[in-house]
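Notes for the structure review
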Amino acid sequence: MHLQSPEENQFHSGEDLDSQKPLVKKPLHQKPHCYSLRRCLSLVPSLDKRTIYLTGKGDRPKRHVGNNIDNTKYNLLTFIPVVLFHQFKFFFNLFFFIICLSQFIPPLKVGFLFTYISPLAFVLIVTLMKEAWDDVQRMQRDKELNNTRYEKVTITGHSKSVTSASLKVGQIIKVHHNERIPADLILLYTTEKSGAVFIRTDQLDGETDWKLRKSIQFTQNAHIHSDGDIVALDGHHIVANAPSDQIYDFKGYYQSGEGEREGLSLENTLWANTVLASTGYILGMVVYTGIETRSMMNARDASTKVGKLDLELNKMSKFLFFVMVCISLLVTALDSFKGQWLIKFFRFVLLLSYIIPISLRVNLDMAKIYYAYCIYRDEAIPGTIPRNSTIPEELGRIQYLLTDKTGTLTKNEMIFKKVAMEYATFDLENLSDFQGMLEDNCLKAAGPMSDMDGNNQLKESGDKKPKSGSKQRREQSYVVRDLVTCLALCHNVTPTYPDPEDPTLREFQASSPDEIALVRFADNTLGMKLLERDQQRVVIQNTHGVKEEYHILANFPFSSDSKRMGIVIKHVESGKLIFYLKGAEVVMKDKVKPQQRLVVDESCENLANEGLRTLVISQKQLDPEYFAQWQLRYRDARADMGNRERAIENCLKELETDMELLGITGVEDKLQDEVASTIESLRSAGIQIWMLTGDKVETATCIAMSAGFKSRNQQLFYVKEQTGARDTEKLLDQFGMSPENKILMIDGQSLDMCLQTQRLEEKFFAVATRAPSVCVCRCSPTQKAIIVRKINQYTGKRTCSVGDGGNDVGMIIEANVGIGIVGKEGKQASLASDFSITQFSHLRRLILWHGRLSYQRSAVMSQFVIHRGLIISVIQAIFSICFYFVAIPVYNGLLMLGYATLYTNLPVLSLVLDEDVPVQAVMKFPPLYKTLQKGRSLSTKTFLIWVWKSIFQGCVIMLSTLYFFHESFTNIVTITFTALIITELLNVFSCINKLNWKMVVSSLLTFGCYILSISLLRAYFDTSYLNWRFFLKVLAITLLSWMPLHVIKCCVARCDPTEQQKIMKQEKHQ
């Protein structure tokens, strides 16, 4: 299941665009075909909004889907047809299926039916067993969830135990601590006094941070003394929109019996598959069930990624089919098309069908599983999980690596570095001055904004009065106090006390690590401690140990659309209403006073030039009468079921005007360990690296420099803030003159301009893909996915995307290889990826060693298996030509089955154990990877070389046998087959670069099995003439077929060694 994260709760301007959620599919507005029938069968979600009464009576919808979970892919009727359909989509399997069917036609029967059916049957049976096992596991998991029991509050007010599968819309259920939420619920009541609970959503969206949810105020404050009191609220009902797949959005309202309304949003919901993290229990109204829950509507079948090697082999198999038809036609033509030549032609096609080896699919799949196992067990990259075992060799073909910044290249650990205020800047060196002013103000002032009157004007201080017309300037200590107070109050962090016996031990819970970092800075470093927080109030302790209590009147949480967070609080002691607002520079600079906007621009640019992420802090004192009127308009906007977002935005814009700038904080997100060396190695390996980030261009430049995107002889080239197509094209033309020596820095605005026309888009990717590195700044998640898709489209090269957050899922899915990093933003990227790692530096070994080795081994093994089938077909063709064009098999079915399995399988599989270069040399010489990017290990040249080997060895074995032996047909079978088995074993050793004991044992076991077969299968082998002369002649035939090719290979290696051979020779001399 792939879901898009709505928020990273990053206020910093460096991440304002990076944390935007990708676009998710909107609910359908038009009814699909046959909607009524499919709706009656509970096959599609409802498209109508619903009204649900707490008493269980009244205008309830007549029919809703059940809550039974069914994640199985098949049933008894569809299992075999569906699995077979997916298998016969492959050319290999379809071809052999047709071959099997042909053996039921008597004129086309060329051997034992078992010979042709058994290989295909083996592949299909293994696949059926695997699919059946996986589906049974899914069914058992579903059964366990469906049978989980919950307490339902009946209409009479009593509790009744019911299963999760039997839950229905409109029922009220009780969920306890650490229990799974069985359906989509509206939170009515919680035993927590604050009326808020925390839930864990990692099974829904992959995010590990807890989320805060709030109960409906009407029901929470309804003096509920027992569970039955909740259903006694006659006339109270909930109106909810139709089911939707948007897990970060909900619209509805609660209406009391007296007609009062309370708007409901995401913060009032508990989606299915989340877990209640708070203690006690909750009462929730079931609003969506089964396929209408958010989790089920977001369930998607992961797109199947097909590796380039698989595509290349598929093309080769079609070429081999063409070769097979040509050889069959040639043999038929040599026989002068006599008699029923068409039947003879098809019989030759059947006899030569081993040219296309069905065992290749099985061998390759087994090899891929072994590669995935090696990656998983590699102690040098602990925690690495191969989630897609079908494309490990794709790691060896990567040309473009596209990476996120925050949490991927950096640690996502915010460390305070600077705070820039209107008239002063403080860093770690003079932070003591900042703390001193804070402590002085906490000593002499009773709370925030104590120097301001109710009209936001400076109070008169003694004899000092502001001159008429002069600009009023607040004392610095008051501004410092207000800034730190904002950091301590404006957030969604809740302090918890895990040890009742130790009240000094506090832990912070929030939906964002950034939030906790800021609160910890105010708490631990500056001494403004957060003690309590619930929906109604916040209690902090200032630097002098005095507790300050604030009532929360309104709270505007951060979202990826707003890029800001606000809170309206009332200081209990002074009675002042203060609106705190903090957020990204791009939205905040238009909300502060006009005379302070230049300060915002300059300070943010200076901090960004130092590689710091910025957060703008502001405040405004509110008039109580004005706020009361505004609150009524805001409440109506929150209950709007139509255009709620716009109505709320208009209300907030009214409030967010003429804000007083308090300061801009600058925090550093340090690079992960060994990032620079990893990027250097990947660039040396010929991989072009793109950084896609939401940071400002200045911040991204600092990160790019420190991370090693730019070498000494390269220059930075900027394309930013472009609004015209002509100017953008001129810059691209200028960059395209020598892109190999430049690093392109482009922002999201200019990128949008490049993507507006086809001509400009083609030009951008034509020049950008030639650059060694590209940094795209102010890049949204949607743009990330588009960039990956376009690189694939315009270059045809293999791409790899690396990210750690929900906003990276789009590009991870689009890339040929998606790699997710398990980080502080959760596991969403990891769960959506093909390979999951724990830190960026692991890419070096994963790509350069495992990727290279997987591709190298698969390429050699695939071509060897093709050679194994082709040599048999060559022997068959020569046999038919020499024996008067007879269309009978030279080897019977049992021998052919043994040849494809028992006699050659172990040596072939031992090829996946080969290492052409040791891991130390690969890490030391990254350019070795470049040869794989060009596909030289599996190319037309290497394929034709293997075809030549097959033709040469097949001809030598058959013609030499006819020359040395003139005995009966059974003698020819024994001689050629024995020479063939020994030649194939020697061919395996010719392909191996580093011999180990497993390879030797596999070959000896294979040869031993063959010798045993000769003694046991007397019907197939004529052993009456076995003597020393026979063995000498077989040895001579084997050497004639194998030795010339091996000698040529050794001479080529000595005269024109490959890069691997040069490095191996160099390593031996060291």
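Residues numbered from 1 in each chain as written. Predicted model: local features only at pLDDT ≥ 70, side-chain atom pairs only at ≥ 80, totals over all residues. Heavy atoms only, no water.

Stated precisely, the cut-off is as follows: UniProt positions are given in the numbering used here, feature names are shortened, and annotations may be inferred rather than shown by experiment.
As recorded in an unreviewed UniProt entry, the chain goes by the name Phospholipid-transporting ATPase, listed as coming from Halteria grandinella. Quoted verbatim from the Catalytic activity (unreviewed entry) field of the UniProt record, the comment on the chain reads "ATP + H2O + phospholipidSide 1 = ADP + phosphate + phospholipidSide 2." Note on the chain: under the UniProt heading Sequence similarities (unreviewed entry), the record states "Belongs to the cation transport ATPase (P-type) (TC 3.A.3) family. Type IV subfamily."

1. Quick look at the confidence of the model for the chain
To keep things clear, this is the line we draw: Confidence of the predictor at the level of single residues is given by pLDDT, which spans 0 to 100. Under the scheme used here, helices are H or I runs from DSSP no shorter than 4 residues and strands are E runs no shorter than 2 residues, and both carry numbers assigned from the N terminus. Two residues form a contact once any of their heavy atoms are found within 4.5 Å.
On average, residues of the chain carry a pLDDT of 83, and 89% of them reach 70 or more. Element-level mean pLDDT values for the chain span from 56 in helix α1 (residues 35-40) up to 94 in strand β15 (residues 398-403). Long-range and interchain partners of residues 1-29, a stretch whose pLDDT sits below 50, account for 132 contacts in this model, where long-range means more than four residues apart.

2. A closer look at the pattern of salt bridges
In plain terms, the rule: The term salt bridge refers to a pairing of a side-chain nitrogen on Lys or Arg with a carboxyl oxygen on Asp or Glu at a separation within 4 Å. Type-normalised accessible area, obtained with a 1.4 Å probe on protein chains alone, sets the label of each residue: buried when under 20%, exposed when over 50%, and partly exposed for intermediate values.
Summed over all chains, the structure comprises 38 salt bridges. Among the ionic pairs, Arg-397 bridges to Glu-312, the shortest N-O distance being 3.1 Å. In this pair, Arg-397 is assigned in the loop between β14 (385-386) and β15 and Glu-312 in helix α8 (residues 308-334), connecting sequence segments 85 residues apart. On the basis of relative accessible area, Arg-397 is assigned to the buried category, the value being 4%. Across the pair Asp-523 and Lys-529 runs a salt bridge, and its minimum N-O distance is 3.6 Å. Exposure remark for Asp-523: the relative accessible area of 0% places this residue in the buried category. It is possible to trace a salt-bridge network through shared partners that takes in Asp-451, Arg-474, Asp-482 and Glu-660.

3. A few points about the sheet that holds strand β2 (residues 149-153)
Filter applied, for reference: Any two strands with at least two DSSP bridges between them are considered paired.
Reading across the sheet, the six strands line up as β3-β2-β4-β13-β5-β11 and stay open at both edges, with antiparallel pairing between neighbours. The open sheet is flanked by β3 (159-163) and β11 (269-270), the only strands paired with a single partner. Bridge analysis of strand β4 (residues 172-176) against strand β13 (residues 281-288) gives five bridges, and the strand direction is antiparallel. When the bridges of β13 are listed, Lys-174 appears paired with Leu-283.

4. Quick word on the packing of α8 against helix α9 (residues 341-351)
The test is simple: As a rule, the C-alpha atoms of each element are fitted with a line to give its axis, helices using only the stretch in contact, and angles between N-to-C directions run from 0 to 180 degrees. In these notes the angle categories are as follows: under 35 degrees is roughly parallel, over 145 is roughly antiparallel, 65 to 115 is roughly perpendicular, and the rest is oblique. Crossings are assigned a handedness: left-handed for a near helix turned anticlockwise from the far helix by less than a right angle, right-handed for a clockwise turn. Under this grouping Gly is polar, as are all residues other than the nonpolar Ala, Val, Leu, Ile, Met, Phe, Trp, Tyr, Cys and Pro and the charged Asp, Glu, Lys and Arg.
Where α8 meets α9, the axes come as close as 9 Å, and the angle between the chain directions of the two elements is 140 degrees. With respect to each other, α8 and α9 are oriented oblique. Both α8 and α9 take part in a crossing whose hand is right-handed. For the pair α8 and α9, the contacting residues are Met-324, Val-325, Ser-328, Leu-329, Val-331 and Thr-332 in the first and Trp-341, Phe-345, Phe-348 and Val-349 in the second. Split into classes, the residues belonging to the contact of α8 with α9 amount to eight nonpolar, two polar and no charged.

5. Considerations on the environment of Asn-441
With respect to the helices and strands, Asn-441 occurs in helix α11 (residues 431-444). Look at Asn-441 and you get buried, because its relative accessible area is 0%. Note: C-alpha distance between Asn-441 and Ser-477 (36 residues apart in sequence) is 5.9 Å. Apart from the residues lying within four places of it in its own chain, the contact partners of Asn-441 are Ser-477, Tyr-478 and Arg-481.

6. Considering helix α2 (residues 79-87)
Formally: Arc definition: directions from the helix axis to the C-beta atoms.
Within α2 the residues assigned to the buried category are Phe-79, Val-83 and Gln-87. All buried residues of α2 lie within an arc of 55 degrees about the axis, which places them on one face of the element.

7. Topic: unusual backbone geometry
Even without a glycine there, the phi angle at Asp-658 is positive, about 55 degrees. Residue placement: Asp-658 occurs in the loop between α17 (644-655) and β26 (660-671). Although it is not a glycine, Tyr-884 adopts a positive phi angle of roughly 60 degrees. Here Tyr-884 lies in the loop between α26 (842-882) and α27 (893-900). With relative accessibility at 72%, the residue Tyr-884 sits in the exposed group.

8. Comments concerning the sheet that holds strand β16 (residues 410-420)
The strand order across the open sheet built from nine strands is β17-β16-β26-β25-β24-β23-β22-β21-β20, with neighbouring strands paired in antiparallel fashion. Taken across any chain shown, the strands that pair with only one partner, and hence form the sheet edges, are β17 (425-427) and β20 (529-533). Neighbour-to-neighbour, the strand axes of the sheet open up by a mean angle of 30 degrees, direction not taken into account. Relative to strand β22 (residues 547-556), strand β21 (residues 537-541) runs antiparallel, the two being bridged by five bridges. Note that in β22 the partner of Gln-541 across the bridge is Lys-547. Running at roughly 40 degrees to β22, helix α16 (residues 624-638) makes contact with β22, β23 (564-571), β24 (577-583) and β25 (613-622) of the sheet.

9. Topic: the pairing of strand β29 (residues 742-747)
We count it as follows: When the strands point away from the viewer, a crossover counts as right-handed if the route from the first strand across the helix to the second turns clockwise.
The element β29 is largely enclosed, with a buried count of six among its six residues. Of the two faces of β29, both are covered, the one formed by Lys-742, Leu-744 and Ile-746 as well as the one formed by Ile-743, Met-745 and Asp-747. Pairing of strand β28 (residues 715-719) with β29 involves five bridges; the strand directions are parallel. Within the sheet, the bridge partner assigned to Leu-716 lies in β29 and is Ile-743. Traced from β28 through helix α20 (residues 725-735) to β29, the parallel crossover comes out right-handed.

10. A short note on the packing of aromatic side chains
Inclusion rule: What counts as a ring pair is set by centres within 6.5 Å for rings of Phe, Tyr and Trp (its six-membered ring), and what kind of pair is set by the plane angle: stacked under 30 degrees, edge-to-face over 60, tilted for all other angles. Look at NZ for Lys and CZ for Arg. If either is within 6 Å of the ring centre and within 35 degrees of the ring normal, a charge sits over the ring.
In the structure shown here, the tally under the stated rule is 27 aromatic pairs. Ring centres 5.4 Å apart and planes at 85 degrees place the aromatic pair Tyr-903 and Tyr-1010 in the edge-to-face group. Pair noted here: Tyr-903 is in the loop between α27 and α28 (905-909) and Tyr-1010 is in helix α33 (residues 997-1016), with a separation of 107 residues, a long-range link. The burial state of Tyr-903 is the same as that of Tyr-1010; both residues are buried. An aromatic cluster of three or more residues is present, and its members are Phe-556, Phe-579, Phe-627, Trp-630 and Tyr-634. The residue whose ring lies beneath Arg-261 is Tyr-253, and the NZ or CZ to ring-centre distance is 3.9 Å. Directly above the ring of Trp-946 sits Lys-949, whose terminal nitrogen or CZ lies 4.1 Å from the centroid.

11. Side note on the nonpolar core
Selection rule: What makes a nonpolar core is a set of buried Ala, Val, Leu, Ile, Met, Phe, Trp, Tyr and Cys residues whose side-chain atoms join them at distances within 4.5 Å.
Ranked by internal contacts, the top residues of the largest apolar core, which has 55 residues, are Leu-313, Ile-355, Ile-356, Met-861, Phe-864, Leu-911 and Leu-938. Of all the secondary-structure elements, those providing two or more residues to this core are α3 (91-102), α4 (113-146), α8, α9, α10 (359-377), α26, α31 (940-964) and α32 (969-991). The dominant element in this core, judged by the number of residues it contributes, is α26, at eight residues.

12. Brief notes about the UniProt feature "active site" (unreviewed entry) in the chain
Spelled out, the test is: Pairing of N or O atoms within 3.5 Å defines a polar contact, subject to two protein rules: one partner must be a possible hydrogen donor and the other a possible acceptor, and residues neighboring in sequence count only if both atoms are side-chain atoms.
The UniProt entry lists Asp-404 under the feature "active site" (unreviewed entry), expressed in the numbering used here. For Asp-404, the position within the fold is in the loop between β15 and β16. By relative accessible area, Asp-404 is classed as buried at 1%. In terms of polar contacts, Asp-404 uses its side chain to reach the side chain of Thr-408, at 3.5 Å.

13. Focus on the packing of α10 against α26
Two elements in contact, α10 and α26, have axes separated by 10 Å at closest approach and are oriented at 160 degrees. One element, α10, and the other, α26, form an angle in the roughly antiparallel class. Our pair here, α10 against α26, has a crossing hand that is right-handed. Seen from α10, the contacting residues are Ser-359, Leu-360, Asn-363, Leu-364, Ala-367, Tyr-370, Tyr-371, Cys-374 and Ile-375; seen from α26, they are Leu-846, His-850, Ser-854, Arg-857, Ser-858, Met-861, Ser-862, Val-865, Ile-866 and Arg-868.

14. Structural notes on a nonpolar patch on the surface
Rule in force here: Residues enter patches when they are more than 30% accessible in relative terms and free of salt bridges; like-charged ones are connected within 9 Å and nonpolar ones (Val, Leu, Ile, Met, Phe, Trp, Tyr) within 5 Å. Areas reported as accessible are Shrake-Rupley estimates using a 1.4 Å probe. Residue values count occlusion only from the protein chains shown.
A cluster of nonpolar side chains, namely Leu-94, Phe-97, Ile-98, Leu-101, Phe-104 and Ile-117, defines an oily patch on the protein surface of about 530 Å² accessible area. Considering every element that reaches the nonpolar patch, the biggest residue donor is α3, with four residues. Topologically, Leu-101 is positioned in helix α3.

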